[in-house]
Amino acid sequence: MSSSSTRNRVGWIVGAVIIIAYTMLPIGWILSLSFKGGDDITNKQFLPTKWSLENFRTVFSNDLFTTALRNSIGVALISTLIGVIFAMFAAYAIARLEFPGKKLILSVALAIAMFPVVALVSPLFNMWRSVHLFDTWPGLIIPYVSFTLPLSIWTLSAFFREIPWEMEQAAQVDGATPWQAFRKVIVPLAAPGVFTAAILAFFFAWNEYPLALALTSTTKAKTVPPALASFTGASQFQSATAAIAAAAVVVTVPVIVIVLLFQRRIVAGLTSGAVKG
Amino acid sequence: MAEITIKNVSKVYGDGYSAVDNVSLDIADGEFVILVGPSGCGKSTLLRMIVGLEDITEGDLLIGGQRVNEKAPRDRNLSMVFQNYALYPHLTIFENIAFPLRLRGVAQDEIRKRVEESAATLDLTEHLQRKPSQLSGGQRQRVAMGRAIVRQADAFLFDEPLSNLDAKLRGQMRTEISRLQRRLGITTVYVTHDQTEAMTLGDRVAVLRKGVIEQVSTPRGLYEHPVNLFVAGFIGSPPMNFLPCSVKGDTLELPFLSCPLGREIAERVADRKLLIAGIRPEHFEDAALVEDSKKEKGVSFRVKVDVTEWLGNSQYAYVPYDAPADIKASLASLEKELDSEQLRTQMIVSVDAASRIRDGDEAELWLDPSRMQLFDPQSGHNLTLLNEERESAPPSSPTGAPSSAAARAGTTQTLAEDGATRKT
């Protein structure tokens, strides 16, 4: 029995290593590329011959990248904030109230989430030009909010439904107005759901490429993904590959940090202890 | 501090289901009233209508003389303990108890003082900085009570607060609640399906059945003078025995025995052939253990005992019998309403623990027939009650509820009467 359990363990470990290696390989490669200074990318080996921070210096001294980074952070944060607040109200109504057309709202929201982004690019491009939203932050924030709302509403309404009705009723009996009950009891209890929705919305806005490419043209609003594509090296004679790799590492790091930071908040069931059982 | 008046209150849901039907009840200031009944009888709905979590379809609800039908729960100044406690898991125990005070904008010092006071009352002082998830079921229950007592509410409402606790803890908390209520003297409405809680806690108990109040009385009144079969079967554990019986002149014939019938009752029931006799298990005794002087006042009879259960302080014997089909059917439907299911018609007899009766024995039992109740099998009414008695506690009369003082006086009066009958 012990030998079979050892074999089991070994099998699990081998499987895990294979999957991790497979998923980590591209990331490892980009990391190693970003540390290859000068012409080192042609050294025909995985690791750099000499570790160098040259590429990072290059990207941070490049105006195109730093403004893009600023635009990315601003657009992603604002669209996340607006989207999650809207989604919170909508999801609360969907979870708690009975009203005609509830099913319709949910299914339309789902349909919007399924809608291919590419199909919207050219109509939005034409529209935004005529209403002067082209190449502005709001021009990106508005479509981002509408694309992240459905998913946020679905996630949050599932979380709100999990919160026992009694919590709210107890608050009401204790003297809370409906708004106080929502703000002081329901929102804190749904915090894991709010974080989950916020992170998903942030990732969408952070990584989005086709809209960001089509609806921006200058450093005024261009975000990192399209900026990376138009990236050149330190001089026009140098291949930009290593610099792009360094820039990619820079924009991936915040995402990883956020996930690691909030992982426990997302997983932890905050409602434990509210009610018996 | 306030009295609660429920006037012809009904609750009809959107689909036409009537959960509470024309209920009237006066709850005096400082009184402890229990709403009891089998599941689905509307007791929780009634409580939720009082607190304002459920709309009142018809009728008036008055708290302290003011109509509050349209008031939001927060404006009624009542506090409630929920069945699953409904503590706020993201707040510490201190903040949980302080929550109602914070909403009212009470000053920080005052909050601290009052939270610590109620925590001390409930023995929660050492847990104030912990979260609800770190507490045991009984402690969480006490936190829920702390949140209820911390502000000066007009009344406490309890919705089956002990049903999530294990049996031992339930007994302790029951005493705690009783002591707390007596000390604070605050009007309390308590919903339960547990008849032990109903009997031990309440000044008065209202028995509900299908949204209608069947009887409002003191626990003793319910136990000794139930108005109908439903109340008789619901109150008491083990339940009252219902035996088919028939009247022959001035004797009453039961499955195992016949006994003389008082003339007054005999006259009243003469026109009915078939009746149901309600006898509590403890009104029987092992004939061998009854003193001779007492023996003459009752009837002795021989039966075959099927099963016995020895519990240390008492002993139950089960005696099966056959009943006519129609009585059997009406008893079966009664059982169903009482949430229980008896497989066979059998009589439960409580005898002294010292009794030597064992399984399968032919035993001689003794019964005091004076405490027997007679019921009409069709209507279920108790025929033993004098007419005035029955009218003093009719199922849903608007003014049927006496004041708390009268109710307490009633208790002592019955006590005295009972003591007198025992002496004679």
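All values reported here derive from a predicted model rather than from experimental measurement. (Residues numbered from 1 in each chain as written. Chains lettered and ligands numbered in written order. Predicted model: local features only at pLDDT ≥ 70, side-chain atom pairs only at ≥ 80, totals over all residues. Heavy atoms only, no water.)

**Q** Teacher, can you tell me more about the domain arrangement of chain B here?
**A** Size of an interface: often given as the accessible area lost when the parts come together. Residues and elements named next belong to chain B. The domain boundaries assigned to chain B delineate domain 1 (4–224) and domain 2 (229–384). Spacing between the C-alpha centres of domain 1 and domain 2 amounts to 37 Å. The partner domain 2 presents 11 residues to the 16 residues of domain 1 that form the contact. For the pair domain 1 and domain 2, the summed buried surface comes to about 1,300 Å²; carbon and sulfur atoms form 58% of the total. If you look at where domain 1 meets domain 2, you find two salt bridges. For the salt bridge of R209 with E337, the shortest nitrogen-to-oxygen distance reads 2.5 Å. Counting every contact that joins domain 1 to domain 2 gives five residue pairs in polar contact (both at pLDDT 80 or more). Among the elements of the structure, α6 (195–201), β9 (204–209), β10 (212–217) and α7 (219–224) are those that each provide at least two residues to the side of domain 1 that touches domain 2. (Domains from an automatic or database assignment. Contact = heavy atoms within 4.5 Å. Buried area = accessible area lost by both parts, 1.4 Å probe. Salt bridge = Lys/Arg side-chain N within 4 Å of Asp/Glu carboxyl O. Polar contact = N/O pair within 3.5 Å; in protein donor to acceptor, adjacent residues only side chain to side chain. Helix = DSSP H or I, 4+ residues; strand = E, 2+ residues; numbered from the N terminus.)

**Q** Would you take a moment to explain the pairing of strand β17 (residues 307–310) of chain B for this structure?
**A** A regular strand places its side chains on the two faces of the sheet in alternate fashion. For β17(B) and strand β18 (residues 315–320) of chain B, the ladder comprises four bridges, and the chain directions are antiparallel. By the bridge assignment for β18(B), B:W310 is matched with B:Q315. (Pairing = 2+ DSSP bridges.)

**Q** Quick question: what am I supposed to make of the interface of chain A and chain B here?
**A** With 24 residues of chain A in contact, the opposing surface of chain B contributes 26 residues. Counting the surface lost from both chain A and chain B, the interface buries some 2,200 Å², and carbon and sulfur atoms represent 61% of this. There are one salt bridge connecting chain A and chain B. Those elements that place two or more of their residues in the side of chain A that touches chain B are α7 (165–173) and α8 (178–189) of chain A. The leading source of residues in the side of chain A that touches chain B is α7(A), at seven residues.

**Q** I'm lost on the packing of aromatic side chains in this one. Help?
**A** For any two aromatic rings, the description comes down to two numbers: the centre-to-centre distance and the angle of the planes. For the coordinates displayed, the defined rule picks out 23 aromatic pairs over all chains. Measuring from centroid to centroid gives 6.5 Å for B:Y13 and B:Y17, while their planes differ by 15 degrees, and the two rings are stacked. Judged by relative accessible area, B:Y13 falls into the partly exposed class, the value being 29%. A relative accessible area of 46% places B:Y17 in the partly exposed class. Considering the side-chain rings of B:F242 and B:F375, the 6.0 Å spacing of their centres and the 90 degrees angle between planes classify their relative orientation as edge-to-face. Pair noted here: B:F242 is in strand β11 (residues 241–248) and B:F375 is in strand β21 (residues 373–375), with a separation of 133 residues, a long-range link. With respect to class, B:F242 is no different from B:F375; both count as buried. Lying over the aromatic face of A:W165, A:R96 brings its terminal NZ or CZ to 4.5 Å of the ring centre. Across the ring face of B:Y88, the terminal group of B:R147 is positioned such that the distance to the ring centre comes to 4.7 Å. (Phe/Tyr/Trp six-rings, centres within 6.5 Å; stacked < 30°, edge-to-face > 60°. Buried < 20%, exposed > 50% of the residue type's maximum accessible area, 1.4 Å probe, protein only. Lys NZ or Arg CZ within 6 Å of the ring centre and 35° of its normal.)

**Q** Explain unusual backbone geometry to me, please; I cannot follow it from the model alone.
**A** Across the chain, the bulk of peptide bonds are trans and the bulk of non-glycine residues have phi less than zero. At the junction of B:S237 and B:P238, the peptide bond is cis and its omega measures out at -5 degrees in the coordinates. One non-glycine residue, A:H132, lies in positive phi territory at about 60 degrees. Looking at the element boundaries, A:H132 is found in the loop between α5 (118–130) and α6 (137–162). Residue B:D123 is not a glycine yet carries a positive backbone phi of 60 degrees. Mapped onto the elements, B:D123 comes out in the loop between α3 (108–121) and α4 (137–149).

**Q** What am I meant to see in the domain arrangement of chain A here?
**A** Segmentation of chain A into domains returns domain 1 (2–42) and domain 2 (63–230). On a C-alpha basis, the centres of domain 1 of chain A and domain 2 of chain A stand 34 Å from each other.

**Q** Would you take a moment to explain the sheet that holds β11(B) for this structure?
**A** Residues and elements named next belong to chain B. One open sheet accounts for five strands, arranged β13-β12-β11-β14-β21; its pairing is antiparallel. With partners counted over all chains shown, the strands left at the sheet margins are β13 (258–260) and β21, one partner each. Ignoring strand direction, the axes of neighbouring strands in this sheet form an average angle of 35 degrees. In this sheet, strand β14 (residues 274–279) lies alongside β11 in antiparallel orientation, the contact comprising six bridges. The residue of β14 that forms the bridge with S246 is L274. Helix α11 (residues 325–337) contacts β11 and β14 of the sheet and is inclined by roughly 45 degrees relative to β14. (Axes fitted to C-alpha atoms, helices over the stretch in contact; angles between N-to-C directions.)

**Q** When you look at the pattern of salt bridges in this model, what are you seeing that I'm missing?
**A** Any two side chains of opposite charge can pair, given that their charged atoms come close. Residues and elements named next belong to chain B. Considering all chains together, one arrives at 22 salt bridges over all chains under this definition. K11 is the salt-bridge partner of E54, the closest N and O atoms lying 4.0 Å from each other. Taken together, the positions of E54 in the loop between α1 (43–51) and β4 (58–63) and K11 in strand β1 (residues 4–12) put the pair 43 residues apart, joining distant regions of the chain. Across the pair, exposure class does not vary: E54 and K11 are buried alike. The shortest N-O distance in the salt bridge between E31 and R204 comes to 2.5 Å. Of this pair, E31 sits in the loop between β2 (18–27) and β3 (32–36) while R204 is found in strand β9, placing the two residues 173 residues apart along the sequence. Just as E31 is buried, R204 falls in that class too.

**Q** What is the right way to look at the nonpolar core in this model?
**A** In a soluble, globular protein the nonpolar side chains are often hidden away together inside. Among the nonpolar cores identified, the biggest contains 102 residues, and A:F65, A:F160, B:I4, B:I6 and B:L25 are the most heavily contacted of them. With 12 residues, the single largest contributor to this core is helix α3 (residues 63–96) of chain A. When sequence neighbours within four positions are dropped, the list of residues in contact with B:I4 reads B:L25, B:D26, B:I27, B:I50, B:L61, B:L62, B:I63, B:A155, B:T187 and B:V189. Membership of the second largest hydrophobic core comes to 54 residues, among which are B:V81, B:A119, B:I186 and B:I235. (Core = buried A, V, L, I, M, F, W, Y, C linked by side-chain atoms within 4.5 Å.)

**Q** So what exactly am I meant to see when it comes to the environment of A:T216 here?
**A** Residue and element names in this part refer to chain A. Along the chain, T216 turns up in the loop between α10 (210–214) and α11 (224–229). Each C-alpha atom of the pair T216 and P226 lies 8.9 Å from the other, and the pair is 10 residues apart in sequence. Setting aside its immediate chain neighbours within four residues, T216 contacts F134, D135, L140, A221 and K222. Within the local environment of T216, its side chain forms a polar contact with the backbone oxygen of A212, the two atoms lying 2.5 Å apart.

**Q** Just to check I follow, could you spell out the confidence of the model for chain B for this structure?
**A** Here chain B averages 84 in pLDDT, and 90% of its residues register 70 or above. Within the model, the stretch residues 390–424 of chain B combines pLDDT values under 50 with 33 contacts to residues more than four positions away or in other chains. (pLDDT = per-residue confidence, 0-100.)

**Q** Explain the sheet that holds strand β7 (residues 155–159) of chain B to me, please; I cannot follow it from the model alone.
**A** What holds strands together in a sheet is hydrogen bonding between their backbones, with the strands either parallel or antiparallel. Residues and elements named next belong to chain B. The strand order across the open sheet formed by six strands is β6-β7-β8-β3-β9-β10, and the pairing between neighbours is mixed. In this open sheet, the two strands that pair with only one neighbour each are β6 (78–81) and β10. Taken pair by pair, the neighbouring strands of this sheet meet at an average axis angle of 20 degrees, ignoring direction. By the bridge criterion, four bridges tie β3 to β9 in an arrangement that is parallel. Counterpart to I34 in the pairing with β9 is V205.

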